[in-house]
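# Per-entry structural report
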Amino acid sequence: MRRSRLRVLRQSLLMLLATVLAAAGAVPARAAATTDWSVAVVKSTMQRFTPASIGGWSYPVGLYLYGQYQVYLRTHDASYLTYLKSWVDRFVSSNGTINQSFNSLDSMLAGRLLIILHHETGQSRYAVAAATIRHRLDSYPRTADGGFWHADTSSRAHQLWDDGLYMVVPFLVEYGKEFNDPSSEAEGVKQLTVYANHLQQPDGLLQHAYDESKTASWANRTTGLSAEQWCRANGWYGMAVVTALDDVPTTQPGRATLLTDLNRFAAGLQNYQDPATGRWFQVIDKPTGAGNWTETSCSSMNAYTLSRGAQQGYIDSHYAALAQKAYHGVLARLSIGSNGLTNLTTISIGTNVGNYAYYIGRTQATNDFHGLGSFLIMNEQLRSPTGS
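In what follows, the accompanying structure is described. The structure displayed is predicted, hence computed values, not measured ones.

## Considering unusual backbone geometry
Of note, the phi angle at histidine 158 is positive, near 70 degrees, even though the residue is not glycine. Within the fold, histidine 158 resides in the loop between helix H6 (124-138) and strand E2 (159-161). A relative accessible area of 30% places histidine 158 in the partly exposed class.

## Quick notes on helix H7 (residues 162-179)
With 18 residues, H7 extends 26 Å from end C-alpha to end C-alpha; this agrees with the ideal 26 Å at 1.5 Å per step. The largest bend along H7 reaches roughly 25 degrees and is located at valine 168, with the proline proline 170 sitting one to four residues downstream. For H7, the tally of buried residues reaches 15 of 18 residues, placing the bulk of the element in the interior.

## Here we look at the pairing of strand E6 (residues 334-337)
The pairing of E6 with strand E7 (residues 342-344) spans three bridges and is classified as antiparallel. Bridge pairing in E7 places serine 335 opposite asparagine 343. The hairpin turn running from E6 into E7, its antiparallel successor, is four residues long, and glycine 340 in that turn takes a positive phi close to 85 degrees.

## With respect to the nonpolar core
The nonpolar side chains of a soluble globular protein tend to be buried with one another. Trp87, Leu114 and Phe375 are the most contacted members of the largest nonpolar core, which totals 108 residues. Look past the residues within four positions of tryptophan 87 in its chain and what remains in contact with it is Pro51, Ile54, Gly55, Gly56, Trp57, Ser58, Val61, Leu65, Ala110 and Leu113. Listed in part, the 13 residues of the second largest apolar core include Trp161, Trp230, Val283 and Val353.

## Points about the side chain of asparagine 302
Looking at where asparagine 302 falls in the secondary structure, it is placed in helix H11 (residues 296-312). Setting aside its immediate chain neighbours within four residues, asparagine 302 contacts Cys231, Asn234, Gly235, Phe265, Leu269, Trp280 and Ile284.

## Here's the deal with the state of the cysteines
Working definition of a disulfide: a covalent bond connecting the sulfur atoms of two cysteines. The tally for this structure, following the rule as stated, stands at one disulfide. Put simply, cysteine 231 and cysteine 298 are joined by a disulfide, and their sulfur atoms are 2.1 Å apart. Around the S-S axis, the bridge from cysteine 231 to cysteine 298 shows a dihedral of about 90 degrees and counts as right-handed. Of the two residues, cysteine 231 is situated in helix H9 (residues 231-247) and cysteine 298 in helix H11; the sequence distance between them amounts to 67 residues. As far as the burial class goes, cysteine 231 and cysteine 298 line up, both buried.

## Notes on the environment of histidine 158
Expressed as a C-alpha distance, the spacing of histidine 158 and threonine 215, which sit 57 residues apart in the sequence, is 9.4 Å. Residues in contact with histidine 158, not counting those within four places in the same chain, are Thr143, Trp149, Tyr210, Asp211, Glu212 and Ser213.

## Points about the packing of H9 against H11
For any two helices packed against each other, the geometry is given by the interaxial angle and the distance between the axes. Two elements in contact, H9 and H11, have axes separated by 8 Å at closest approach and are oriented at 30 degrees. When the axis of H9 is compared with that of H11, the two are roughly parallel. The crossing of H9 and H11 is left-handed. Contacts between H9 and H11 pair Cys231, Arg232, Asn234, Gly235, Trp236, Gly238, Met239, Val242 and Asp246 from the former with Ser297, Cys298, Met301, Asn302, Tyr304, Thr305, Arg308 and Gln312 from the latter. Grouping the constituent residues of the contact of H9 with H11 by class yields seven nonpolar, seven polar and three charged.

## A few points about the packing of aromatic side chains
Applying the stated criterion across every chain yields a total of 15 aromatic pairs. Centre to centre, the rings of tryptophan 57 and tryptophan 87 are 5.5 Å apart; their planes meet at 10 degrees, and the pair counts as stacked. Of the two residues, tryptophan 57 is situated in the loop between helix H2 (37-48) and helix H3 (59-75) and tryptophan 87 in helix H4 (residues 78-88); the sequence distance between them amounts to 30 residues. Put simply, the rings of Trp57, Trp87, Phe91 and Phe102 touch in pairs and so form one group of aromatic residues. The positively charged end of arginine 112 is found above the aromatic ring belonging to tyrosine 66, 3.7 Å away from the centroid.

## Considerations on the packing of helix H12 (residues 319-331) against helix H14 (residues 369-382)
Running from N to C, H12 and H14 cross one another at 130 degrees; their axes reach a closest spacing of 11 Å. Regarding the angle of H12 to H14, the classification is oblique. For the element pair H12 and H14, the recorded crossing hand is left-handed. Residues Ala323, Gln324, Tyr327, Val330 and Leu331 of H12 lie in contact with H14, whose contacting residues are Phe375, Met378, Asn379 and Leu382. Tallied by class, residues from the contact of H12 with H14 come to seven nonpolar, two polar and no charged.

Calculation notes
Residues numbered from 1 in each chain as written. Predicted model: local features only at pLDDT ≥ 70, side-chain atom pairs only at ≥ 80, totals over all residues. Heavy atoms only, no water. Helix = DSSP H or I, 4+ residues; strand = E, 2+ residues; numbered from the N terminus. Buried < 20%, exposed > 50% of the residue type's maximum accessible area, 1.4 Å probe, protein only. Expected span 1.5 Å × (residues − 1). Bend = angle between axes of the 7 residues up to and from the residue. Pairing = 2+ DSSP bridges. Core = buried A, V, L, I, M, F, W, Y, C linked by side-chain atoms within 4.5 Å. Contact = heavy atoms within 4.5 Å. Disulfide = S-S within 2.5 Å. Axes fitted to C-alpha atoms, helices over the stretch in contact; angles between N-to-C directions. Parallel < 35°, antiparallel > 145°, perpendicular 65-115°, else oblique. Left-handed = near helix turned anticlockwise from the far one by under 90°. Nonpolar A, V, L, I, M, F, W, Y, C, P; charged D, E, K, R; others polar. Phe/Tyr/Trp six-rings, centres within 6.5 Å; stacked < 30°, edge-to-face > 60°. Lys NZ or Arg CZ within 6 Å of the ring centre and 35° of its normal.

This is the structure in structure tokens:
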């Protein structure tokens, strides 16, 4: 009888807490454990933006819509796919012409949506549009050892940025899988290997960028490397490796190297995970640095990488627990506002290569697409069947 009364009292206190928080305009994720947070984020974003107003052809919107597609695959809510298609159709004509120059890796991430729509609809125009990106890569500028420049511009010439790997590698391996093009899969593996050869450090993590010419303002004149290990750059890398391992054949040459690199990377993530929150810091390898702060998008990316990698057997199973800790750390940044829409906070806005002060000084945004997209990808991997 006493246990029953205690149970009732506990439930009453929890309900009171939720009521107080709701009155204050925010209900944290943990206070609403049965909420489907992927659905809540997608519906909130679709309410905030139409396919016409969400933004132009860009990698942040492409990342978000890829995350929305993952939610569609689970829920089969046709409105999610219709929304995605409506956005893509703003840029792709009926004959497959796509009015983009594709002179940067950033411009290629949204190309994954073309592959998705070809797979879902069978319409040839999406194959034609996707082939435009694939053929552009045949003439795209590279470093001497074959790494794609971050952009075909003078300000980005000869440069490899970790970010670029997720912009192009998932497109390549998914293109290869959808259109039976082994050369695309091989190219994806090659890019991951070349970039890691330059950027991965003894601690397993990666410097943000490398300049082959060693002339960029941020480049070390001896090594060509940038000074810092930026967290989201590392997050992009981890997700790109896992995506490639998921999609390329097990007989793919170079696969063993990817596994070795991923295991080194996972060990680095473990070493620098914040024990208090489960998240990772903006400058990932300097958690005690003045002004440093835990960032939401990279924490989502790293949680996904560790969870998926452990699930697939690419890394040791103990990393799944680290992923869970990170997952709950990200959920602590998610709430429902007084207007009934979700808010995901503390997301670094778009970021170039810089020094420590530059990274920690980046705006900490709410509902930035870098964070929303990576959250959806993470949540679909880690969510409980009955809610978060």
